[in-house]
Amino acid sequence: MLHHISFGVSNIERSALFYDAVLAPLGYVRVWEDMSSGADDQAVGYGIPGGGDKFAIKLRPEGQPPPGSGFHLAFAAPNRRAVADFHKAALEKCGRDNGGPGLRAAYGPNYYAAFVIDPDGHAIEAVFNLSG
């Protein structure tokens, strides 16, 4: 259903380092970037290697607040280890814990996820879910 999504961030360099680290264990990489120093429209796009972007971060130095409670973005993970590595990388790169790696039985018997808040306050998740 979704083609892509983007987040506004207040510091593009910090956010790019954060997303480079947290998305790598999930198999996602920078697929494009426009990091022209001093430009107001700096951005970085992420996706699978060799593909187009499905997620982007865009510099919004005026500090727009992230969406409120109830909104989060879940990234697909290839396995449980990737979920744990996503969570660990987030905490190492100025993210905040919002639910450590583990099974979430309320979402299904095989729903394994971790939740974090990025440096700008966006709620993100990595999930590995084997259908029963």
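Everything numeric in this text was worked out from a predicted model, so none of it was measured. (Residues numbered from 1 in each chain as written. Predicted model: local features only at pLDDT ≥ 70, side-chain atom pairs only at ≥ 80, totals over all residues. Heavy atoms only, no water.)

Caption draft 1: Examining the packing of aromatic side chains more closely. Enumeration according to the criterion identifies nine aromatic pairs in this entry. Measuring from centroid to centroid gives 5.1 Å for Phe7 and Phe55, while their planes differ by 90°, and the two rings are edge-to-face. You can see Phe7 sitting in strand E1 (residues 5-9) and its partner Phe55 sitting in strand E4 (residues 55-59), a full 48 residues away along the chain. Note on accessibility: Phe7 and Phe55 belong to one class, buried. (Phe/Tyr/Trp six-rings, centres within 6.5 Å; stacked < 30°, edge-to-face > 60°. Helix = DSSP H or I, 4+ residues; strand = E, 2+ residues; numbered from the N terminus. Buried < 20%, exposed > 50% of the residue type's maximum accessible area, 1.4 Å probe, protein only.)

Caption draft 2: Fine view of unusual backbone geometry. At Cys94, a position not held by glycine, the phi torsion is positive, near 75°. Given the relative accessible area of 56%, Cys94 is considered exposed.

Caption draft 3: Main features of the layout of surface pockets. Taken as a whole, the largest pocket spans an internal volume of roughly 260 Å³. As for the largest pocket, its lining consists of 15 residues, and the residues nearest its centre are Lys54, Phe55, Leu73, Ala74 and Phe75. Sorting the residues of the lining of the largest pocket by element identifies strand E3 (43-47) and strand E5 (73-76) as the ones contributing at least two each. Per-element tally for the lining of the largest pocket: the top contributor is E5, with four residues. Here the residues of the lining of the largest pocket sort into eleven nonpolar, three polar and one charged. (1 Å grid on protein atoms, 1.4 Å probe; cavity = no way out; pocket = protein on both sides within 12 Å on 5 of 7 lines; lining within 4 Å. Points joined across faces, edges and corners; volume = space filled by probe spheres on them. Nonpolar A, V, L, I, M, F, W, Y, C, P; charged D, E, K, R; others polar.)

Caption draft 4: Structural view of the sheet that holds strand E2 (residues 29-34). Strand order in the open sheet made by the four strands is E1-E4-E3-E2, with mixed pairing throughout. The open sheet has two edge strands with one neighbour each: E1 and E2. Taken pair by pair, the neighbouring strands of this sheet meet at an average axis angle of 20°, ignoring direction. Strands E1, E2, E3 and E4 of the sheet are contacted by helix H1 (residues 12-23), whose axis makes an angle of about 165° with E4. (Pairing = 2+ DSSP bridges. Axes fitted to C-alpha atoms, helices over the stretch in contact; angles between N-to-C directions. Contact = heavy atoms within 4.5 Å.)

Caption draft 5: Broad picture of H1. Under the 1.5 Å per step criterion, the end-to-end length of H1 is 16 Å for twelve residues, consistent within 8% with the ideal 16 Å. Of the residues that open H1, the one with a side-chain oxygen 3.2 Å from the backbone nitrogen of Glu13 is Asn11. (Expected span 1.5 Å × (residues − 1). Polar contact = N/O pair within 3.5 Å; in protein donor to acceptor, adjacent residues only side chain to side chain.)

Caption draft 6: Here's a closer look at the pattern of salt bridges. Going through the model one piece at a time under the given rule, you end up with five salt bridges. Two residues, Glu33 and Arg30, come together in a salt bridge whose shortest N-O distance is 2.7 Å. Glu33 sits in the partly exposed class, given a relative accessible area of 46%. Residue Lys88 pairs with Glu92 through a salt bridge whose shortest N-O separation is 3.4 Å. Within this pair, Lys88 and its partner Glu92 are both found in helix H2 (residues 80-92), separated by four residues, close to a single helical turn. Here Lys88 and Glu92 have matching classes, each one exposed. In the salt-bridge network here, residues are joined through shared partners; they are Asp20, Arg30 and Glu33. (Salt bridge = Lys/Arg side-chain N within 4 Å of Asp/Glu carboxyl O.)

Read these as layout, nothing more, since geometry by itself doesn't imply function.
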